[in-house]
Amino acid sequence: MPLGDETHPHPPEDPRRDAILRLAKRRFMTDGYAGSRMEPIAREAGVSTATLYGYFPGKAELFTAVINDAAEDFSRQMDHVRMTTGPAREQLTVFVTAYADFMSDPFVRAVFRLVVAERPRFQAVAMRFFERGRSHFGGVLIKALETLDDAGEIKVDKPSWAAGHLMGMIEHPVFFVPLVTGDDVLVKRSNAQVAEDAVETFLARYGV
C-alpha cells in the first residue's frame, strides 16, 4: 500500500524528481516542515520553481512524497532481510542482527524523528509509515516462528506476540533510546551482542 496519494503520477526513472526529493528530504530533516520553503529546494535541486510545482502542487504534497520515497527505500533494504535455514538459535540470530543493523541506522532514526514531529499534520501518512516497517519485518518473523513451532524447536501459542517480544528487545536499545535522547545515549553493546542477548532471552521463554 502506498503511503498517501500523490497528485501527479510519475515515471519510475525521473532524475529531476529524484533530485527534488533528495534535496527536500535534507531540508525537511534540517529545518523541519515549517522551516522548509519550496523556492530554495527548487534552486538547490537545479530546477525552476515552476518545474517543482509541476511535480508537487504544494509543500504538503512534497512532504508526503518524501516520506513515501523514504518508505520505499526502507522496503528495499528490508527485502534483503530473510530468515535462513538451520537451528532456531541460528535463524533467529541472523534475522535479529539484520534487524538491529537496520534500526540502528542514523538515517532511519532521522526519518522517524521527522515523521513524529509532523504527525499532527500528517497523521495518516505517519501511521502508514510506522506500520509498513514493522509489518514488513514482523510478517517475515511470524512465518518463521510458525515454521519453527511446527518443527518442534520452539513453542509459541501466539506467533505475533512472540515476534513482538523479540523485535521489542532489539528496538528498545538500538532505536528508541537514541531516538528519544537525540543520539546522546547509545547502547554500548554491539548489534551482534544485542541480538545474541535477545535470542537467548527469547529461547529461555519459548524454546523447547
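Details of the structure are given in the entry above.
So, how was this worked out
Residues numbered from 1 in each chain as written. Predicted model: local features only at pLDDT ≥ 70, side-chain atom pairs only at ≥ 80, totals over all residues. Heavy atoms only, no water. Helix = DSSP H or I, 4+ residues; strand = E, 2+ residues; numbered from the N terminus. Buried < 20%, exposed > 50% of the residue type's maximum accessible area, 1.4 Å probe, protein only. Contact = heavy atoms within 4.5 Å. Expected span 1.5 Å × (residues − 1). Arc of directions from axis to C-beta. Axes fitted to C-alpha atoms, helices over the stretch in contact; angles between N-to-C directions. Parallel < 35°, antiparallel > 145°, perpendicular 65-115°, else oblique. Left-handed = near helix turned anticlockwise from the far one by under 90°. Nonpolar A, V, L, I, M, F, W, Y, C, P; charged D, E, K, R; others polar. Salt bridge = Lys/Arg side-chain N within 4 Å of Asp/Glu carboxyl O.

Quick word on the environment of Ile20
Part 1 of the argument: Assignment of secondary structure puts Ile20 in helix 1 (residues 15-35).
Part 2 of the argument: A residue is classified by how much of its surface remains accessible, and Ile20, at 0% relative accessible area, is buried.
Part 3 of the argument: C-alpha of Ile20 to C-alpha of Ala42: the two residues are 22 residues apart in sequence and 6.8 Å apart in space.
Part 4 of the argument: Sequence-distant contacts of Ile20, defined by excluding residues within four places in its chain, comprise Ile41, Ala45, Val47, Leu52, Tyr55, Phe56 and Leu62.

Let's talk about helix 5 (residues 88-103)
Part 1 of the argument: Taking 1.5 Å per residue, 16 residues should reach 22 Å; helix 5 reaches 22 Å between its end C-alpha atoms and fits that length.
Part 2 of the argument: Restricting attention to buried positions, one finds in helix 5 the residues Ala88, Gln91, Leu92, Phe95, Val96, Tyr99, Ala100, Phe102 and Met103. Down the axis of helix 5, the buried set is contained in an arc of 160 degrees. They therefore lie on one face.

A word on the environment of Leu166
Part 1 of the argument: Here Leu166 is to be found in helix 8 (residues 159-181).
Part 2 of the argument: Here Leu166 falls in the buried class, since its relative accessible area comes to 0%.
Part 3 of the argument: Through-space distance from the C-alpha of Leu166 to that of Val96 is 8.0 Å; in sequence the pair is 70 residues apart.
Part 4 of the argument: Ignoring sequence-local partners within four residues, the contact set of Leu166 consists of Leu92, Val96, Leu141, Ala198, Val199 and Phe202.

Let's talk about the packing of helix 1 against helix 2 (residues 38-45)
To characterise two packed helices, one gives the angle between the axes of the helices and the distance between these axes.
Part 1 of the argument: Viewed as axis vectors pointing N to C, helix 1 and helix 2 meet at an angle of 130 degrees, and their least axial separation amounts to 9 Å. Considering their axes alone, helix 1 and helix 2 lie oblique with respect to each other. Once helix 1 is placed against helix 2, the crossing between them reads as right-handed. Side by side, helix 1 and helix 2 meet where Ala19, Ile20, Leu23, Ala24, Arg26 and Arg27 of the first sit next to Pro40, Ile41, Glu44 and Ala45 of the second.
Part 2 of the argument: Partitioned by chemical class, the residues of the contact of helix 1 with helix 2 number 7 nonpolar, no polar and 3 charged.

So, the environment of Ile154
Part 1 of the argument: With respect to the element layout, Ile154 can be found in the loop between helix 7 (123-150) and helix 8.
Part 2 of the argument: Separated by 51 residues in sequence, Ile154 and Arg205 have C-alpha atoms that sit 9.2 Å apart.

A closer look at the packing of helix 5 against helix 8
Part 1 of the argument: Here helix 5 crosses helix 8 at 35 degrees, and the two axes come no closer than 9 Å. Here the hand of the crossing between helix 5 and helix 8 comes out right-handed. Seen from helix 5, the contacting residues are Leu92, Val96, Tyr99, Ala100 and Met103; seen from helix 8, they are Leu166, Met167, Ile170, Glu171, Val174 and Phe175.
Part 2 of the argument: Among the residues making up the contact of helix 5 with helix 8, the classes are represented as 10 nonpolar, no polar and 1 charged.

Examining the side chain of Lys25
Part 1 of the argument: Examined against the element boundaries, Lys25 turns out to sit in helix 1.
Part 2 of the argument: Judged by its relative accessible area of 14%, Lys25 falls in the buried class.

Points about the pattern of salt bridges
Think of it this way: side chains of opposite charge can pair up when their charged atoms draw near.
Part 1 of the argument: Evaluation of the coordinates by the stated rule reveals 7 salt bridges.
Part 2 of the argument: Among the ionic pairs, Glu44 bridges to Arg27, the shortest N-O distance being 2.3 Å. One end of the pair, Glu44, is in helix 2; the other, Arg27, is in helix 1, with 17 residues separating them in the sequence.
Part 3 of the argument: For Arg27, a relative accessible area of 24% gives the class partly exposed.
Part 4 of the argument: For Asp197, the salt bridge is made with Arg189, and the minimal N-O distance between the two is 2.8 Å.
Part 5 of the argument: For Asp197, a relative accessible area of 36% corresponds to the partly exposed category.
Part 6 of the argument: A residue is classified by how much of its surface remains accessible, and Arg189, at 33% relative accessible area, is partly exposed.
Part 7 of the argument: Three or more residues joined by partner-sharing salt bridges are found here, namely Arg27, Asp31 and Glu44.

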